[in-house]
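# Examining the three-dimensional arrangement
Okay, here's what each chain looks like letter by letter:
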Amino acid sequence: MTETLTEPGRNCPLCPRLKDFRDNWRGREPGWFNAPVPAFLPPEGEDAVRLLVVGLAPGLRGANRTGRPFTGDYAGDLLYSTLIRFGLARGQFLARPDDGLELVGTAIINAVRCVPPENKPTPAEITACRQFLTPALTGLPKLRAVLALGAIAHQSTVRAFGQRVAALPFKHGARYDLDRVALFSSYHCSRYNTNTGVLTEDMFVSVFSEIDDFLRN
Ligand code: SF4
């Protein structure tokens, strides 16, 4: 079984501001996860991953609390229901890491592994955490497609592939064919974006339809 992914240590010190924020919340909520959130993989492991979904960062009361990407704060409602709809996940999403939901040929990772204050990582933090994103993008043996959720995830993914952001700008519904994989991008499926209509369910499903077509060919 391949082991390409690099997981940061629980006390990763590379972003002092995020470490302080994490430590502060460890004191306030000792029952929470409060650490860099690891990638969510299918049960078969890295070798089964054909689609990698790249999010922004853990939400304070979401993945930072539960330890699983897009779990615990509504951020995963649209993502997981859509993954299930396209056969890319199975089971029931109950917004808890023990809900038994399994990914199918898909992995989910965040561009920044630690919760940032106000959901806003700094450019230096995004750059620091790219060392944990790059191995997933370049090393997963069967990876064919990447879905970046939002501009920050898109830009960090483009940089991780060694490409120029100006040449591959973020745009909802865009697809860029790179050497090994196709990069698809969507507005982030955050509660804010879905509540305000920036991203509708139809828009999100449309992106997944393209990915589904691509993965079938
Ligand atoms: Fe380390 Fe990434 Fe957390 Fe920064 S965001 S402290 S690089 S795990």
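In short, a report on the structure. (Residues numbered from 1 in each chain as written. Predicted model: local features only at pLDDT ≥ 70, side-chain atom pairs only at ≥ 80, totals over all residues. Heavy atoms only, no water.)

### Re empty space enclosed by the protein
What the rule picks out here adds up to one cavity of 30 Å³ or more. In this structure, the largest cavity spans a volume of roughly 120 Å³. Lining the largest cavity we find 15 residues, and of these Cys12, Leu14, Cys15, Cys114 and Cys129 sit closest to its centre. Every element with two or more residues in the lining of the largest cavity is listed here: α1 (16-28) and α4 (123-139). A total of four residues in the lining of the largest cavity trace back to one element, the largest contributor, which is α4. Grouping the amino acids of the lining of the largest cavity by side-chain chemistry returns eleven nonpolar, no polar and four charged. (1 Å grid on protein atoms, 1.4 Å probe; cavity = no way out; pocket = protein on both sides within 12 Å on 5 of 7 lines; lining within 4 Å. Points joined across faces, edges and corners; volume = space filled by probe spheres on them. Helix = DSSP H or I, 4+ residues; strand = E, 2+ residues; numbered from the N terminus. Nonpolar A, V, L, I, M, F, W, Y, C, P; charged D, E, K, R; others polar.)

### As for the packing of α4 against helix α5 (residues 151-160)
Two quantities define a packed helix pair, namely the angle between the axes and the distance from one axis to the other. It is the contact of α4 with α5, at a shortest axis distance of 9 Å, that shows an interaxial angle of 65°. In terms of orientation, α4 lies roughly perpendicular with respect to α5. The way α4 lies across α5 gives a crossing that is right-handed. In this structure, α4 uses Ile126, Arg130, Leu133, Thr134, Leu137 and Thr138 to contact α5, whose residues at the interface are Ile152, Ser156, Thr157, Arg159 and Ala160. Of the residues in the contact of α4 with α5, the class split is five nonpolar, four polar and two charged. (Axes fitted to C-alpha atoms, helices over the stretch in contact; angles between N-to-C directions. Parallel < 35°, antiparallel > 145°, perpendicular 65-115°, else oblique. Left-handed = near helix turned anticlockwise from the far one by under 90°. Contact = heavy atoms within 4.5 Å.)

### A word on α5
Three or more residues of α5 are buried, namely Ala153, His154, Ser156, Thr157, Val158 and Ala160. Buried residues in α5 make contact with β1 (51-55), α4, β5 (145-149), β6 (175-177) and β7 (182-186). Gly162 sits one or two residues past α5 and shows a positive phi near 75°. (Buried < 20%, exposed > 50% of the residue type's maximum accessible area, 1.4 Å probe, protein only.)

### Quick word on the layout of surface pockets
To locate leftover empty space, one rolls a probe as large as a water molecule over the atoms. Looking at the largest pocket, its volume works out to about 620 Å³. In terms of lining, the largest pocket is formed by 30 residues, of which the most central are Leu56, Ala57, Asn119, His188 and Ser190. At the level of secondary structure, the elements contributing two or more residues to the lining of the largest pocket comprise α5 and α6 (191-195). When the residues that make up the lining of the largest pocket are grouped by side-chain class, the tally is 18 nonpolar, eight polar and four charged.

### Things to note about the environment of Arg22
Among the secondary structure elements, Arg22 is positioned in helix α1. When its relative accessible area of 2% is taken as the criterion, Arg22 is described as buried. It is 8.8 Å that separates the C-alpha atoms of Arg22 and Asn64, two residues lying 42 residues apart in sequence. Not counting residues within four places of it along the chain, the set of residues in contact with Arg22 comprises Arg10, Asn11, Cys12, Asn34, Ala35, Pro36 and Cys114.

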